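These are the residues of each chain, in order.
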Amino acid sequence: QVQLLESGGGLVQAGASLRLSCAASGRTFSDYAVGWFRQAPGKEREFVAAIMWKGSATQYADSVKGRFTISRDNAKNAAYLQMNSLKPEDSAVYYCAAGSYSDETDQYYYWGPGTQVTVSS
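Residues numbered from 1 in each chain as written. Predicted model: local features only at pLDDT ≥ 70, side-chain atom pairs only at ≥ 80, totals over all residues. Heavy atoms only, no water.

> Help me out: how do you make sense of the state of the cysteines in this one?
A covalent bond between the sulfur atoms of two cysteines is referred to as a disulfide. Taken as a whole and assessed by the stated rule, the structure comprises 1 disulfide. Disulfide pairing is shown between Cys22 and Cys96; the S-S distance is 2.0 Å. Between Cys22 and Cys96, the disulfide has an S-S torsion of 60° and is therefore right-handed. One end of the pair, Cys22, is in strand 3 (residues 18–25); the other, Cys96, is in strand 9 (residues 92–99), with 74 residues separating them in the sequence. Here Cys22 and Cys96 have matching classes, each one buried. (Disulfide = S-S within 2.5 Å. Helix = DSSP H or I, 4+ residues; strand = E, 2+ residues; numbered from the N terminus. Buried < 20%, exposed > 50% of the residue type's maximum accessible area, 1.4 Å probe, protein only.)

Right, here's the structure in full:
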C-alpha cells in the first residue's frame with residue numbers, strides 16, 4: 001500500500017511560480033504511475049498531469065501544457081509538480097495520486113489529502 005501527502009501549496013500572485021511535492025510512504029511507490037489532479041469549489045475534479053513509473057513519459061491537460069512540469073524521484077519516494085506562470089483559474093485543491101498511467105481519476109488507487117493553491121489577480 002502507498003500513503004501520499006502533498007505539500008507546497010500557498011497563496012501567490014498571477015505570474016508567479018510554485019512547486020508542489022508529493023511524499024510517499026512504502027517502498028512500492030516506484031511501481032505506480034503518478035497523477036496530479038485539482039478541484040475548485042463547485043467544480044469536478046480535473047486531470048492536470050501524469051508521469052509513468054519509469055518517468056519516461058508524461059501527459060498534461062491542455063490548460064497547463066507549457067506551464068506545468070511533472071517529475072518524480074523514485075529514490076526519494078517523491079513526485080513534484082512545477083507550476084509556472086500561474087493564473088487565477090489555476091486556484092484549486094491539488095491532489096497527487098498513484099495508480100495506472102491515465103488522465104482519469106478512476107485509474108488511480110491511492111490519493112493524498114490535497115494542498116490548497118490560490119492565485120490572486
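Further notes follow.
> Explain the sheet that holds strand 1 (residues 3–7) here, please?
Whenever strands of a sheet pair, they do so through backbone hydrogen bonds, lying parallel or antiparallel. Pairing within the open sheet is antiparallel, and its 4 strands lie in the order 1-3-8-7. The outermost strands of the open sheet, each flanked by one partner alone, are strand 1 and strand 7 (68–73). Mean inter-strand twist for the sheet, computed between neighbouring axes without regard to direction, equals 15°. Summarising the sheet, strand 3 and strand 8 (residues 78–83) pair through 6 bridges and their orientation is antiparallel. Its bridge partner being in strand 8, Ser21 is matched across the sheet by Tyr80. (Pairing = 2+ DSSP bridges. Axes fitted to C-alpha atoms, helices over the stretch in contact; angles between N-to-C directions.)

> Any chance you could explain the environment of Gly42 here in plain terms?
Mapped onto the fold, Gly42 is located in the loop between strand 4 (33–39) and strand 5 (46–51). Given the relative accessible area of 87%, Gly42 is considered exposed. Taking C-alpha positions, Gly42 is 25 Å from Gln82, a pair spaced 40 residues apart along the chain.

> Would you take a moment to explain the environment of Leu18 for this structure?
Counting through the fold element by element, Leu18 comes out in strand 3. Sequence-wise, Leu18 and Glu89 are 71 residues apart; in three dimensions their C-alpha atoms are separated by 15 Å. The residues contacting Leu18, other than those within four sequence positions of it, are Gly8, Gly9, Gly10, Val12, Leu81, Gln82, Met83, Leu86 and Val117. (Contact = heavy atoms within 4.5 Å.)

Nothing here speaks to function; it is all geometry.
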